[in-house]
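The residues making up each chain are set out below.
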Amino acid sequence: MATAILSIDIAALVENWRSLSAMTRCEAGAVVKADAYGLGVQPVARALSRAGARNFFVAVAEEGASLREILGEGPQINVFSGHMQGDTELIRDAQLTPMLNSVDQMLRHVEALPGHPFGLQLDTGMNRLGMEEAEWSALREVALGQTPALIMSHLACADEADHAMNARQLQVFHEMTEGIDAPRSLAATGGILLGPDYHFDMVRPGIGLYGGMPYVDARPVVQLHIPVIQIRDVAVGESVGYGNAWVARSPSRIATISAGYADGILRGMGPNAHLHTGSSAVPVVGRISMDMIGVDVTGLAEEPETLELIGAHQSVDTVAGFAETIGYEILTSLGARYKRIYV
Ligand SMILES: *Cc1c(COP(=O)(O)O)cnc(C)c1O
């Protein structure tokens with residue numbers, strides 16, 4: 001089989017959720033948007049639900065509706081994009097809790113689904129989603145009269161503990177929510193690590209569950225092993241791959257492995273990327289193609305059957321570094337072609 005294997009360690013995922021929960025006295029939800037960061041929302045959400053997670057967060061109502069089928073009745077499913085036009089039936093039928101982000105959404109929600117639970121999103125400076133102070137002052141009394149299930153905001157710089165923006169947003173969140181009785185939430189993974197001042201009544205970890213930075217103590221969750229299809233000798237002066245981008249300067253052994261940019265191995269990683277076999281690192285040579293990558297295995301004593309891109313020897317964040325991006329983008333780019341196994 002030439003299909004690469006993406007293995008997802010469910011026990012490690014659950015342990016990450018438990019250890020993030022243990023850092024706070026409040027409730028820890030679980031963010032499972034974008035197919036649980038590319039790892040597969042069904043097994044991920046089921047495992048977290050079994051472990052005791054009672055609040056889940058998704059980006060859009062359609063994700064919420066699929067999640068409801070997976071989880072059944074009971075857990076609260078919160079939708080970050082709120083109540084968009086066309087969402088009403090999904091929100092009603094799947095019992096979703098939209099995190100309303102504007103007066104327009106608030107009006108849409110109470111008109112279409114009076115009495116249906118909702119949350120509120122406030123903008124504390126990120127300028128992405130949520131009501132700003134003026135809008136919020138105008139709506140505050142009406143909104144609070146309807147007892148929101150959650151009032152939340154999001155930190156822009158929580159992965160940089162020393163960033164002045166963190167304290168600024170914390171203060172604005174306090175000012176905007178002072179005296180309010182509804183449960184409040186400000187922290188994602190980065191915010192949890194900033195300490196209890198940021199935790200309020202619920203935290204919303206995503207990346208930390210999946211083993212990514214900024215949660216440095218996370219247990220790794222993902223391993224990616226790619227089969228070697230063929231190995232060949234390449235003489236001095238011969239090239240490998242598209243555009244002849246790599247030329248052998250000494251006699252080389254080149255393995256062609258079975259994955260490429262269609263599988264989320266970003267083409268831009270090419271010149272910097274390594275894979276591993278055991279503890280030996282082997283460099284990518286030439287351009288990453290859609291379904292294949294050349295790897296220099298000259299130094300190896302044995303011909304490998306597979307090479308590891310993500311796993312014990314290099315983390316998701318190391319791989320992200322090859323493309324000057326973040327672990328989040330690597331995980332959510334992992335394509336549909338892998339055989340995903342849950343261990
Ligand atoms: C994605 C997201 C989260 C989770 O963030 P992580 O950094 O992955 O922990 C939490 N809250 C909001 C609003 C988000 O968009």
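Residues numbered from 1 in each chain as written. Predicted model: local features only at pLDDT ≥ 70, side-chain atom pairs only at ≥ 80, totals over all residues. Heavy atoms only, no water.

Trainee: Would you mind going over the nonpolar core with me for this structure?
Mentor: Looking at soluble globular proteins, one finds that nonpolar side chains tend to be buried together. The biggest cluster of nonpolar side chains holds 82 residues, and the ones touching the most others in it are Val-32, Leu-48 and Tyr-210. When we break this core down by domain, the ones giving at least three residues each are domain 1 (10-210) and domain 2 (222-342). Among all residues touching Tyr-210, those that are not within four sequence positions of it are Leu-13, Val-31, Val-32, Ala-36, Tyr-37, Leu-39, Val-44, Val-221 and Leu-331. Within the second largest apolar cluster, 21 residues are counted, among which are Trp-136, Ile-151, Leu-155 and Leu-170. (Core = buried A, V, L, I, M, F, W, Y, C linked by side-chain atoms within 4.5 Å. Buried < 20%, exposed > 50% of the residue type's maximum accessible area, 1.4 Å probe, protein only. Domains from an automatic or database assignment. Contact = heavy atoms within 4.5 Å.)

Trainee: Which parts of the structure should I look at to understand the site of the ligand?
Mentor: The environment of the ligand is made up of 14 residues, and the closest members are Lys-33, Tyr-37, Thr-189, Ile-207 and Tyr-328. Take Gly-206: an N or O atom from its main chain is 2.8 Å from an oxygen atom of the ligand. Here an oxygen atom of the ligand sits 2.7 Å away from a polar atom, N or O, in the main chain of Ile-207. Its free accessible area being 390 Å², the ligand has 92% of it covered by the protein chains. For the shell around the ligand, the residue count by class is eight nonpolar, three polar and three charged. (Near = heavy atom within 4 Å. Polar contact = N/O pair within 3.5 Å; in protein donor to acceptor, adjacent residues only side chain to side chain. Areas by Shrake-Rupley, 256 points an atom, 1.4 Å probe, with all protein chains shown as cover. Nonpolar A, V, L, I, M, F, W, Y, C, P; charged D, E, K, R; others polar.)

Trainee: Which parts of the structure should I look at to understand the packing of aromatic side chains?
Mentor: Describing an aromatic ring pair means giving the distance of the ring centres and the angle of the ring planes. By the definition in use, this model includes four aromatic pairs. Between Phe-57 and Phe-80 the ring centres are 5.4 Å apart and the planes differ by 15°, which places this aromatic pair in the stacked class. Of this pair, Phe-57 sits in strand E4 (residues 55-58) while Phe-80 sits in the loop between strand E5 (76-79) and helix H5 (88-93), placing them 23 residues apart in sequence. Here Phe-57 and Phe-80 have matching classes, each one buried. Between Phe-173 and Phe-200, the aromatic rings sit 5.0 Å apart at their centres with planes inclined by 90°, giving edge-to-face as the arrangement. A residue pair is termed long-range when its members are at least 10 positions apart, and Phe-173 in helix H8 (residues 164-177) and Phe-200 in the loop between helix H9 (189-193) and strand E10 (202-203) qualify at 27 residues. The residues Phe-173 and Phe-200 share a single accessibility class, namely buried. (Phe/Tyr/Trp six-rings, centres within 6.5 Å; stacked < 30°, edge-to-face > 60°. Helix = DSSP H or I, 4+ residues; strand = E, 2+ residues; numbered from the N terminus.)

Trainee: I keep staring at helix H7 (residues 133-145) and nothing clicks. Help me out?
Mentor: Because each turn of an α-helix spans 3.6 residues, side chains separated by three or four positions in sequence point in the same direction. For H7, with 13 residues, the first-to-last C-alpha span of 18 Å sits near the 18 Å given by 1.5 Å per residue. Helix geometry: H7 is bent most strongly at Leu-139, by close to 55°. Those residues of H7 lying buried are Trp-136, Leu-139 and Ala-143. Of the surrounding elements, those touching the buried residues of H7 are helix H6 (103-112), strand E7 (119-121), strand E8 (150-152) and H8. One or two steps after H7, the chain reaches Thr-147, where phi turns positive at roughly 45°. (Expected span 1.5 Å × (residues − 1). Bend = angle between axes of the 7 residues up to and from the residue.)

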